[in-house]
Amino acid sequence: MDCRCILVTGGAGFIGCNFVRFLLETEPALEVVNLDVLTYAGNLASLGECLNSPRHHFVRGSITDAEQVRALLQQHRVDGVINFAAESHVDRSITGPLVFVETNVKGTLTLLAEARAANVRRFLQVSTDEVYGSLGATGSFTEQTPLSPNSPYSASKAGADHLVHAFHHTYGMDTIITRCSNNYGPYQFPEKLIPLMIRNARQDKPLPVYGDGMNVRDWLYVSDHCAAIWAAFRRGAAGEVYNIGGNNEKPNLEIVRLILRHLGKPESLITYVKDRPGHDRRYAIDSGKARRELGWQPAVTFEQGIASTIEWYVSNQAWLDQVTSGEYQAYYAKMYGNRDRAN
Ligand code: NAD
Ligand code: TYD
């Protein structure tokens, strides 16, 4: 599908800002409207030079605001919507689930309704493998795996996915859902595993590993996720779901040790803390359909990706200082100050 103007939501967040960069670099004729309300996780510093591009229009506002979304869709004659905007952190969803329903469910519904009313040609929902729930020691999620979300975050993302499906099934809207595994790379807020561990290790602070550290995630470098989303938007079939993953299953402890080795820090910084309530044990994703039907495959190995991510955080201390200057200290104290030490 060819488009002239895309509305990206949540484009000041981790994956969204990488995606805006990707579009501006790879699609020289495309206009990008970027709607982001700038929560703690959204930061204009993450958009850097994009803010000077005449093809990038940043608008501060919420996907829950129907009037603002309607005005934007009309003003820019948007022909495609890609929805990244979300509350995205599982731990925060455990202590405060309401905003997850407000943003992830109501926000997605508002966007869908306005996109439909404006005759937007295609709507892509950026979802997550967490909607499938947790796996045992073997197997992987396919697009046919029943949704069985366990955390308030994943439940709200599953709610959004159901609404996207309903808009396709009921109104014939052209929709796509992508479900990706854990991302890592530049501009990720340091509440998520990899940037949090890099930041703490550099400051010689304890590295808080939940439970026994043997929970498994499948990791994908963020630029590979961006390429997959764009491939799904351009070449995917209406109404379809595409799983996206890196075939990089790693226990958390292995990642934490790798980060310490890269930074030349001692393993004695590893601190086992009380487990996350309801902690999903293992995610693994079968992305065969995306590879076959979209012609997509990851370009960055885990070894390359983790090395360049660590390098990026080391070279971008100013960005880290800026994004942690707000509520981060209070969040960190609440999350990790109150956790019982397990050893
Ligand atoms: P993030 O938390 O870094 O960024 C979310 C962005 O959305 C922020 O810029 C925030 O300001 C914005 N936002 C929040 N509420 C909004 C609202 N009401 N209106 C407009 N903007 C709003 O998240 P991320 O890690 O970049 O994730 C982006 C999307 O990808 C999410 O939908 C998430 O569920 C999905 N996803 C993330 C991962 C991952 O590993 N990070 C993996 C798979 C899927
Ligand atoms: P996270 O980055 O929050 O992503 P998600 O929960 O969406 O997978 O966590 C990744 C894994 O790392 C998860 O198993 C929880 C674990 N984890 C820790 O052990 N310590 C931490 O401080 C954080 C943030 C996560």
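To be clear, the structure that these remarks concern was listed above.
In this text, all values refer to a predicted model and were calculated from it rather than measured experimentally.

Undergrad: Mind showing me how you'd approach the packing of aromatic side chains here?
TA: Think of a pair of aromatic rings as described by two things: how far the centres are apart, and how the planes are tilted against each other in angle. Under the definition given, this model contains 22 aromatic pairs. A centroid spacing of 6.0 Å and a plane angle of 45° characterise the contact between Tyr328 and Tyr332, whose relative ring orientation is tilted. With a gap of four residues between them, Tyr328 and Tyr332 both fall in helix H12 (residues 328-337), about one helical turn apart. Of the two residues examined, Tyr328 and Tyr332, each falls in the buried class. The positively charged end of Arg92 is found above the aromatic ring belonging to Tyr40, 3.5 Å away from the centroid.

Undergrad: Would you mind showing me how to read the sheet that holds strand E2 (residues 31-36) here?
TA: Sheets are built from strands paired through backbone hydrogen bonds, the pairs being either parallel or antiparallel. Ordered in space as E3-E2-E1-E4-E5-E6-E10, the seven strands form an open sheet in which the pairing is parallel. Of all the strands in the sheet, just strand E3 (56-60) and strand E10 (241-244) have a single pairing partner and so form its edges. If you compare each strand with its neighbour and ignore which way they point, the axes differ by 20° on average. Sheet topology places E2 next to E3; five bridges connect them, and they run parallel. Directly across from Asp36, in E3, lies its bridge partner Arg60.

Undergrad: I would appreciate a short explanation of the site of ligand 2 in the present structure.
TA: Around ligand 2, 19 residues are found, and the nearest of them are Glu130, Arg217, Arg276, His279 and Tyr336. Residue Tyr210 places a main-chain N or O atom 2.9 Å away from an oxygen atom belonging to ligand 2. The contact in question runs from an oxygen atom of ligand 2 to an N or O atom on the side chain of Asn252, over 2.9 Å. Contact with the protein chains covers 98% of the free accessible surface of ligand 2, which is 510 Å². Elements that contribute at least two residues to the shell around ligand 2 include exactly helix H6 (193-202) and strand E8 (207-210).

Undergrad: For this particular structure, what's the right way to read the site of ligand 1?
TA: Taken together, 28 residues lie near ligand 1, and Ile15, Asp36, Ser88, Tyr153 and Lys157 sit nearest. In this structure, an oxygen atom belonging to ligand 1 sits 3.0 Å away from a main-chain N or O atom of Phe14. With respect to ligand 1, the side chain of Lys157 contributes an N or O atom lying 2.6 Å from an oxygen atom. In the complex, the protein chains occlude 96% of the 840 Å² of accessible area that ligand 1 would expose alone. In terms of residue count, strand E5 (residues 122-128) provides more of the shell around ligand 1 than any other element does, three residues in total. Looking at the shell around ligand 1 residue by residue, the classes come out as 13 nonpolar, 13 polar and two charged.

Undergrad: I tried to follow the packing of H6 against helix H10 (residues 302-315) on my own but got confused; where do I start?
TA: Two packed helices can be described by the angle between their axes and the distance between those axes. Between H6 and H10, the least distance of the axes is 10 Å, while the angle of their chain directions is 55°. With respect to their mutual orientation, H6 and H10 come out oblique. By crossing handedness, the relation of H6 to H10 is classed as right-handed. Two secondary-structure elements touch here, H6 through Ile194, Pro195, Ile198 and Arg202 and H10 through Ile306, Thr309, Ile310, Tyr313 and Val314.

Undergrad: Would you explain the nonpolar core in this entry?
TA: Where a protein is soluble and globular, its nonpolar side chains tend to be buried together. Counting residues in each nonpolar core, the largest one holds 71 residues, and the members touching the most others are Phe19, Ile82 and Trp230. Here Phe19 is in contact with Val8, Ile82, Phe84, Cys226, Ile229 and Trp230, once residues within four sequence places are set aside. Membership of the second largest hydrophobic core comes to 29 residues, among which are Ile63, Ala158, Met173 and Ala284.

Rules of the game
Residues numbered from 1 in each chain as written. Chains lettered and ligands numbered in written order. Predicted model: local features only at pLDDT ≥ 70, side-chain atom pairs only at ≥ 80, totals over all residues. Heavy atoms only, no water. Phe/Tyr/Trp six-rings, centres within 6.5 Å; stacked < 30°, edge-to-face > 60°. Helix = DSSP H or I, 4+ residues; strand = E, 2+ residues; numbered from the N terminus. Buried < 20%, exposed > 50% of the residue type's maximum accessible area, 1.4 Å probe, protein only. Lys NZ or Arg CZ within 6 Å of the ring centre and 35° of its normal. Pairing = 2+ DSSP bridges. Axes fitted to C-alpha atoms, helices over the stretch in contact; angles between N-to-C directions. Near = heavy atom within 4 Å. Polar contact = N/O pair within 3.5 Å; in protein donor to acceptor, adjacent residues only side chain to side chain. Areas by Shrake-Rupley, 256 points an atom, 1.4 Å probe, with all protein chains shown as cover. Nonpolar A, V, L, I, M, F, W, Y, C, P; charged D, E, K, R; others polar. Parallel < 35°, antiparallel > 145°, perpendicular 65-115°, else oblique. Left-handed = near helix turned anticlockwise from the far one by under 90°. Contact = heavy atoms within 4.5 Å. Core = buried A, V, L, I, M, F, W, Y, C linked by side-chain atoms within 4.5 Å.

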